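What follows is each chain in one-letter form.
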Amino acid sequence: MKPRSLRFYLGLLALGLLVPLVLFAAGAVSRFAVSQREARAQGMRETARALTLVVERELGQSVRALEVLSHSAPLSQGDLETFHATCQAVVASQAQWGSLFLLDVEGRTMFSTDQPFGTDLTALVDERPYVREVVETGRVVISDFPSPRLQGAPTVAVAMPVRRQGVLAGVLVATYAMQHFDKLWDEQRVPGDWLGALVDEEGVILSRSRGRARFVGTKARPEYVERIRASREGFFATQTVDGMKSFTAYSRLRLVPWTVSFSGPREVFAASVNQSLFALLIAGLGCCAVATAWAAWVSRRMTRPLRALARAARERPDSADAFTNVGPTGISELEDLRATLALTAAMVMEREAALRTKMTEAEAANLAKDQFLAMLGHELRNPLSAITSGVKVLSVTEGAASRERARALVERQALHLARLVDDLLDVERVSSGRILLQKQTMDLSECVRRAVAALESSGRTQAHQVEVEAPRAWLEGDASRLEQVVTNLVSNALKYTPHGGRVRVVTREEPGHVVLEVSDTGDGLSPDLQERVFELFFQAERTLDRAQGGLGIGLTLVKRLVELHGGSVRAHSDGLAKGSTFTVRLPRGQVEQAPVLQDAPVAPASGRHVLLVDDHTDSRQLVRELLEMEGHTVSEAEDGPSGLARARELRPEVVLLDIGLPGLDGYEVARALRSTDEGRDLVLIAVTGYGLEEDRRRALEAGFDEHLVKPVDLARLRELLLPTKRAAPAYST
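Residues numbered from 1 in each chain as written. Predicted model: local features only at pLDDT ≥ 70, side-chain atom pairs only at ≥ 80, totals over all residues. Heavy atoms only, no water.

Asker: How do you make sense of the sheet that holds strand β9 (residues 233–239) when you look at a structure like this?
Answerer: Strand pairs in the sheet, formed through backbone hydrogen bonds, run parallel or antiparallel to each other. The strand order across the open sheet built from five strands is β8-β7-β11-β10-β9, with neighbouring strands paired in antiparallel fashion. This sheet does not close on itself; its edge strands, each paired only once, are β8 (205–208) and β9. When strand polarity is set aside, the average angle formed by the axes of neighbouring strands in this sheet is 25°. Against the sheet, helix α5 (residues 179–187) contacts β7 (195–199), β8 and β11 (259–265), and its axis sits at roughly 40° relative to β8. Seen against the sheet, helix α7 (residues 222–230) touches β7, β9, β10 (245–252) and β11 and runs at an angle of roughly 35° to β10. (Pairing = 2+ DSSP bridges. Helix = DSSP H or I, 4+ residues; strand = E, 2+ residues; numbered from the N terminus. Axes fitted to C-alpha atoms, helices over the stretch in contact; angles between N-to-C directions. Contact = heavy atoms within 4.5 Å.)

Asker: Mind showing me how you'd approach the environment of Arg221 here?
Answerer: Mapped onto the elements, Arg221 comes out in the loop between α6 (212–215) and α7. For Arg221, a relative accessible area of 29% puts it in the partly exposed group. Beyond its immediate stretch of four places on either side in the chain, Arg221 contacts Gln239, Thr240 and Val241. Polar contacts involving the side chain of Arg221 include one to the main-chain carbonyl oxygen of Gln239, which spans 3.2 Å. (Buried < 20%, exposed > 50% of the residue type's maximum accessible area, 1.4 Å probe, protein only. Polar contact = N/O pair within 3.5 Å; in protein donor to acceptor, adjacent residues only side chain to side chain.)

Asker: Would you mind showing me how to read the confidence of the model for the protein here?
Answerer: Note: predicted coordinates in regions of low pLDDT should not be interpreted at a detailed level. On average, the protein scores 78 in pLDDT, and the residues at 70 or more come to 76%. Taking the mean pLDDT of every element in the protein, the minimum, 32, falls on strand β25 (residues 730–732) and the maximum, 95, on strand β16 (residues 513–520). Within the model, pLDDT remains below 50 along residues 598–605, and this stretch shows 10 contacts once partners closer than five positions in the same chain are excluded. (pLDDT = per-residue confidence, 0-100.)

Asker: Explain the nonpolar core here, please?
Answerer: Nonpolar side chains tend toward joint burial in soluble globular proteins. Counting 42 residues, the largest nonpolar core has Leu59, Leu66, Trp97, Leu100, Leu198 and Trp258 as the members making the most contacts within it. The element contributing the most residues to this core is helix α1 (residues 6–70), with 10 residues. Ala470, Val486, Leu489 and Phe534 belong to the second largest nonpolar core, which has 37 residues in total. (Core = buried A, V, L, I, M, F, W, Y, C linked by side-chain atoms within 4.5 Å.)

Asker: Help me understand the packing of helix α18 (residues 640–650) against helix α19 (residues 666–674) in this model?
Answerer: Pairs of packed helices are described in terms of their axes, by the angle between the two and the distance that separates them. Where α18 contacts α19, the two axes come as close as 10 Å, and the packing angle between them is 25°. With respect to their mutual orientation, α18 and α19 come out roughly parallel. In the crossing of α18 with α19, the sense of the turn from one axis to the other is right-handed. Each of Gly640, Leu644, Ala647 and Arg648 in α18 lies in contact with α19, whose residues at this interface are Val669, Ala672 and Leu673. In the contact of α18 with α19, the residues fall into five nonpolar, one polar and one charged. (Parallel < 35°, antiparallel > 145°, perpendicular 65-115°, else oblique. Left-handed = near helix turned anticlockwise from the far one by under 90°. Nonpolar A, V, L, I, M, F, W, Y, C, P; charged D, E, K, R; others polar.)

Asker: Whenever I open this one, the sheet that holds strand β22 (residues 654–657) confuses me. Can you help?
Answerer: Overall, parallel pairing links the five strands, which are arranged β21-β20-β22-β23-β24 in an open sheet. In this open sheet, the two edge strands, each paired with only one partner strand, are β21 (633–637) and β24 (706–709). In this sheet, adjacent strand axes meet at a mean angle of 20° when their direction is disregarded. For β22 and strand β23 (residues 683–688), the ladder comprises four bridges, and the chain directions are parallel. Within β23, the position partnered with Leu656 by the bridge is Ile685.

Asker: It is not clear to me how the packing of helix α14 (residues 479–495) against helix α16 (residues 554–564) should be interpreted in this structure. Could you clarify?
Answerer: Two numbers describe how α14 lies on α16: the axes approach to 9 Å, and their chain directions differ by 145°. Here the hand of the crossing between α14 and α16 comes out left-handed. Contact residues: Arg481, Gln484, Val485, Asn488, Leu489 and Asn492 in α14; Gly554, Leu555, Leu557, Val558, Leu561 and Val562 in α16. Looking at the contact of α14 with α16, its residues break down into seven nonpolar, four polar and one charged.

Asker: Please clarify how a nonpolar patch on the surface should be interpreted in this entry.
Answerer: Where nonpolar side chains cluster on the molecular surface, the patch consists of Leu12, Leu15, Val19 and Leu23 and spans about 380 Å² of accessible area. On the secondary structure map, Val19 appears in helix α1. (Patch = residues over 30% accessible without salt bridge, like charges linked within 9 Å, V, L, I, M, F, W, Y side chains within 5 Å. Areas by Shrake-Rupley, 256 points an atom, 1.4 Å probe, with all protein chains shown as cover. Salt bridge = Lys/Arg side-chain N within 4 Å of Asp/Glu carboxyl O.)

Asker: What am I meant to see in unusual backbone geometry here?
Answerer: Backbone phi values are negative for most residues with the exception of glycine, while trans is the configuration of most peptide bonds. Phi angles above zero are rare outside glycine, and Gln165 is one such case at about 55°. Mapped onto the elements of the fold, Gln165 is located in the loop between β5 (154–164) and β6 (167–177). A relative accessible area of 84% places Gln165 in the exposed class. In this structure, Ala577 is a non-glycine residue whose phi angle is positive, near 65°. One can find Ala577 in the loop between β17 (568–572) and β18 (580–587).

Asker: What am I meant to see in the environment of Val613 here?
Answerer: By the secondary structure assignment, Val613 is in strand β20 (residues 609–613). Sequence separation between Val613 and Asp658 is 45 residues; the distance between their C-alpha atoms is 6.1 Å. If near-sequence neighbours (up to four positions away) are discounted, Val613 is found in contact with Ala637, Asp639, Gly643, Val655, Leu656, Leu657, Asp658 and Leu661.

Asker: Mind showing me how you'd approach the pairing of β24 here?
Answerer: Where β23 meets β24, four bridges bridge the pair, whose relative direction is parallel. Bridging across to β24, Ile685 finds its partner in Glu706. You can see the chain leave β23, run along helix α20 (residues 693–702) and come back into β24, and the turn it takes is right-handed. (Right-handed = clockwise from strand over helix to strand, strands pointing away.)

Asker: Help me out: how do you make sense of the pattern of salt bridges in this one?
Answerer: Oppositely charged side chains are able to pair whenever their charged atoms sit close together. Within this structure, the stated rule accounts for 29 salt bridges. Glu517 is the partner of Arg508 in a salt bridge, and the nearest nitrogen-oxygen pair spans 3.2 Å.

Asker: What is the right way to read the pairing of strand β2 (residues 109–112) from this model?
Answerer: Residues in a regular strand project their side chains so that they alternate between the two faces of the sheet. Bridge count for strand β1 (residues 97–103) against β2 is three bridges, and the pairing is antiparallel. Looking at the pairing, Leu102 lines up with Phe111 of β2. What sits between the antiparallel neighbours β1 and β2 is a turn of five residues, in which Gly107 has the positive phi angle 95°.

Asker: Just checking my understanding: could you explain helix α17 (residues 617–629) for this structure?
Answerer: Three- or four-residue spacings in an α-helix give side chains the same orientation, since the helix completes a turn every 3.6 residues. The end-to-end C-alpha distance of α17 is 18 Å, a good match for the 18 Å that 13 residues give at a rise of 1.5 Å each. Of the residues flanking the end of α17, it is Gly631, one or two places downstream, whose phi is positive at about 95°. (Expected span 1.5 Å × (residues − 1).)

Here is the structure:
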């Protein structure tokens, strides 16, 4: 393809812009014309509605006046002479009324305001349809066609039923002069070339703004009558009876089936629209001409600087000055192009610097990951090494004291390993919001005593002085989670306190709160460390031997568990080597006073028949040996189907059931057992490595009585295996 100049393509661009512009202008003009017609039509509709309201108001006034007369006292008392005089006075005050006359239910005239009272008019029987309709329906009726009076111009009649003691006794009729409606058009100032008309249901013209003498009383054109009968309101093109081509808007009255129409000549209607169309067309053509000239001028302005930029790029492509020396173009896009070309080298350098920064951050993050993995490996290998050595000692030694020391070591390190794993899992659960607190009325001092006793039994407090000052402090909380908080705080104090140091644990009550303080005489914290000590994986500087141990997640877990309870935790230290104090403030909740603890009876221990279902052979064997040493009879199954079959065959008292079983999982086995008669009274205990709150909920929904997480708390298991479960402590206030 032969290369073309930029000016050629700019010309094509201008042409491409002009064609849609012309089409858009044509569409806009057409749309404007339509909107103008719609606006004019809407205005005519509004005028027709307004005229309808005026006519209805006029008729409504007459109806209300007749209704007042029909309830007048002289008429109710039969004093027709007085009532006749009253009617004459009302007719004199109502310019639109021609006369009033009273008919009985047979249509005989009892009196008329046109005649003196006492004139015998009973021979005049009015059998017009509106009288029969009033007698039949008992409602007010307005005639929909001209009714000739005894003398004078045509009128319409307004007939009102007259009742005495709830019984129809006659009809009061007012003749309404049609000439009164002629004033309507004068008051509304209908232009001379426009037309307002009032027609009845049959199409008879009742009133007209012009040509009244000629057309009032005649029928409108058939197509006009057909259109106004189609709906209550409308707008259409038509031709009036006097031959004027027009657009007509109409609206029907609600009080009587008459229609008000408002018509305008088509020429007048379309004149303003045509003027607007012509103006828009001229403006569109002018815009096209200006756009063409502007495109030609811009093309010249663009080609010159583009050539200059191309020349600079050829001569000095590696220099930013080559582009900055090009004179101003006056076009923002070309100025952007020049600035972009001039700053390319600087941007490359900035990106390289940013890349180096990112690489440094990535290396730091990778180093932090490696340090954490090394720390995790150190913390996991220490207890695993001790457990392995202890098992070897148990396998070769024969001395009872040596075996007991090895057993205690294995137990202690296994518990330490379990705590490490639990802390890691708990931090993840709290961070993701998957821990749901099981709140109840509890004593914080009991959590303190249990936590300290557990640390003492593991031998971790032997080298320190641990002081506990914990009077009863009642609150609403999750006892197991708050015990975890106490354990982590005391363990942290023991780690950072040299041998012989002192750790003090205090609880106290304050208005609306319960306070826990754990203080020590250990290493202390610098001011900057006091702000960061609760960060995940954060630890102060350590020696290579890492004698204090830990993963740096204990205090993070403390902070998040306390915040879940709605409390706060704060670290304070007077400086390095001056010890530190951790203060936890927890809301009391709805506990108004210290509950009274009621001891529940404890059933005597005795052996039970236990079915153990677990697919892990070593774990199953060790648990069996522990249960048998406790005096229980133990049966085994290694998968879901066999566990279900053994339970139905042996009918044990208790089933320890793993969740992750081959064949059928623990939930399915539990549901199957609960659906049978022999399984309804079983004690079902889930023993599993799945420890989330969601897992516990699913276990209880499947029919388990309890949910235990591996490694199992033997004290809790012993409690559950009692013949009669130990009742949970009952509290009263």
